[in-house]
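# Architecture and fold: a report
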Amino acid sequence: MATKLCIGRCLRLPPRISFGTLAVASVVVLAAAWIAPEMTIAQNPTPQDTRRQAGSEQAASPLPLPLDGRDGRELLLRNFRPISKLVVPQNPRHSAAMPVVDVHTHFHYRLRDSKEALDDFVQLMDRNNIAVCVSLDGKLGAQLDHHVEYLWSDYRDRFAIFANIDWQGNAPRDQPALWPCHRPGFADRTAAALEQAAKQGVSGLKLFKRFGLQYKNPDGTLIKIDDPRWDPIWAKCGELGLPIIIHTADPAAFFDPIDETNERWEELSRHPDWSFHGDAFPSRQELFEARNRVIARHPNTQFIGAHVANNPEDLKVVAGWLDEYPNLWIEPASRIAELGRQPFTAREFLIRYQDRLLFGTDGPWPETRLRLYWRFFETRDESFPYSEKVPPPQGLWQIYGVDLPDEVLKKLYFENAGKLIPGIRQRLERWSQN
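Predicted model only: the values in this text are computed from it and were never measured.

## So, the pattern of salt bridges
Taken as a whole, this structure holds 28 salt bridges when the rule is applied. Asp119 is the partner of Lys115 in a salt bridge, and the nearest nitrogen-oxygen pair spans 3.0 Å. In this pair, Lys115 and Asp119 both sit in helix 5 (residues 115–128), four residues apart, roughly one turn of the helix. Look at Lys115 and you get partly exposed, because its relative accessible area is 34%.

Below is the structure:
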């Protein structure tokens, strides 16, 4: 009777079920519980039965809660979306204050040769007071011819073009011994191709970061930036008056371990292939030193250090380079995120080296991002984004404007480019007449 009462209370059965019925049911349940394990062992269940049982158990499990920082839960860094509570003056810019020459754009790689996208961007240029863009995507050979046709068929006065060196040709990436750059006479052939490109109207040469970090010799070692084999190329650029814009190394954080101390951890977690940490790559300092040796060896050739010579984290060092190498120029493409978190230091630096500044964005970008460039250079606004993306792509921080004087803005935006880059001054003159 005690057993019957216990089972009845536990199951909370309705009063109309008799204890006799309950007793019979209890025996059946206990017998099933006793027999079931034996049956489970003896039956040797099929894989389908196992999957069905696992699926049933999984469905019964509670769904994991998101790590969104709510209700006491932990927060994933990639879910962090802070909204600033600062109330400060805001002076957004809808166009640049004066004509702009953007010396760092990629119209082949970003627009993929879409005619419609090009037409749309020219309209954006008009709205933002961008007179001329310099596309850096003219790889010597068929791509250069195609790029010339793409940009100059309708908009020759709005675009200048820099050539690229085709180191690899059509050879497989993993067989550098077959690359044309390792054949005798490559530098002389490239110099001749640059001479022909200059006659065609090309305004300079672009070196990508793969030069020094990825391109390889036949023995598997990385091609060195200051390899003397390439000296005839750099010398020819000086002879032709073609400036060389060179992307050397990458942000400082990309050469550090991807750990909890890395300030760009969130970005590198999305793009681990952007990391250059480890023995497989030269150090950042080694890359800078190799580039600087080339600049020193070719004083008659003008070099543009892309992305503030790729060292905006340490403007004191960049200042030393500018003092030491009078043929070095800089531009800020995709680096207002770094400049804007050190506005006092950056403003002083930009004013001091105003005669060596060019303007660049690394675009074409959406209009929202371009207008953040105008706001950064033209206002003293505080704590505003440097990108339209959420989360921002190059560090989880806001930036501050540097409010450059008009005489500095003129040199940054267009005057210096007109002096340095062939064909820019003439394009500016034609643009101003329209």
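That shown, we press on.
## As for the nonpolar core
Counting 93 residues, the largest nonpolar core has Phe159, Trp167, Trp234, Phe349, Phe377 and Tyr413 as the members making the most contacts within it. Every residue in contact with Tyr413, bar those within four places of it in the chain, is listed here: Ala96, Ala97, Met98, Pro99, Val100, Val101, Phe359, Trp374, Phe377 and Glu378.

## A look at the packing of aromatic side chains
The relation between two aromatic rings is expressed through the spacing of the ring centres and the mutual angle of the planes. Applying the stated rule across the entire model yields 22 aromatic pairs. On the numbers, 6.0 Å between centres and 70° between planes, the contact of Phe211 with Trp234 is edge-to-face. Pair noted here: Phe211 is in helix 8 (residues 210–213) and Trp234 is in helix 9 (residues 231–240), with a separation of 23 residues, a long-range link. The two residues Phe211 and Trp234 agree in class, both being buried. Pairing Phe254 with Trp274 gives two aromatic rings, centres 6.1 Å apart and planes at 35°, and the pair type is tilted. With Phe254 in the loop between strand 5 (244–246) and helix 10 (265–270) and Trp274 in the loop between helix 10 and helix 11 (284–297), the pair connects residues that are 20 residues apart, well separated along the chain. Since its relative accessible area comes to 4%, Phe254 is described here as buried. Clustering of aromatic rings is evident, with ring pairs tying together Trp167, Trp179, Phe186, Phe211, Tyr215, Trp230 and Trp234. For the cation-ring pair, Arg210 lies above Phe208, with the distance from its terminal atom to the ring centre recorded as 5.4 Å. One cation-aromatic arrangement involves Arg291 over Trp321; the distance from NZ or CZ to the ring centre is 4.5 Å.

## Some thoughts on the packing of helix 5 against helix 16 (residues 367–378)
Two elements in contact, helix 5 and helix 16, have axes separated by 11 Å at closest approach and are oriented at 30°. By the angle between their directions, the pair helix 5 and helix 16 is classed as roughly parallel. Taken as a pair, helix 5 and helix 16 cross one another with a handedness that is right-handed. Along its contact with helix 5, which presents Phe121, Leu124, Arg127 and Asn128, the element helix 16 presents Glu367, Leu370, Arg371 and Trp374.

Conventions and cut-offs
- Residues numbered from 1 in each chain as written.
- Predicted model: local features only at pLDDT ≥ 70, side-chain atom pairs only at ≥ 80, totals over all residues.
- Heavy atoms only, no water.
- Salt bridge = Lys/Arg side-chain N within 4 Å of Asp/Glu carboxyl O.
- Helix = DSSP H or I, 4+ residues; strand = E, 2+ residues; numbered from the N terminus.
- Buried < 20%, exposed > 50% of the residue type's maximum accessible area, 1.4 Å probe, protein only.
- Core = buried A, V, L, I, M, F, W, Y, C linked by side-chain atoms within 4.5 Å.
- Contact = heavy atoms within 4.5 Å.
- Phe/Tyr/Trp six-rings, centres within 6.5 Å; stacked < 30°, edge-to-face > 60°.
- Lys NZ or Arg CZ within 6 Å of the ring centre and 35° of its normal.
- Axes fitted to C-alpha atoms, helices over the stretch in contact; angles between N-to-C directions.
- Parallel < 35°, antiparallel > 145°, perpendicular 65-115°, else oblique.
- Left-handed = near helix turned anticlockwise from the far one by under 90°.

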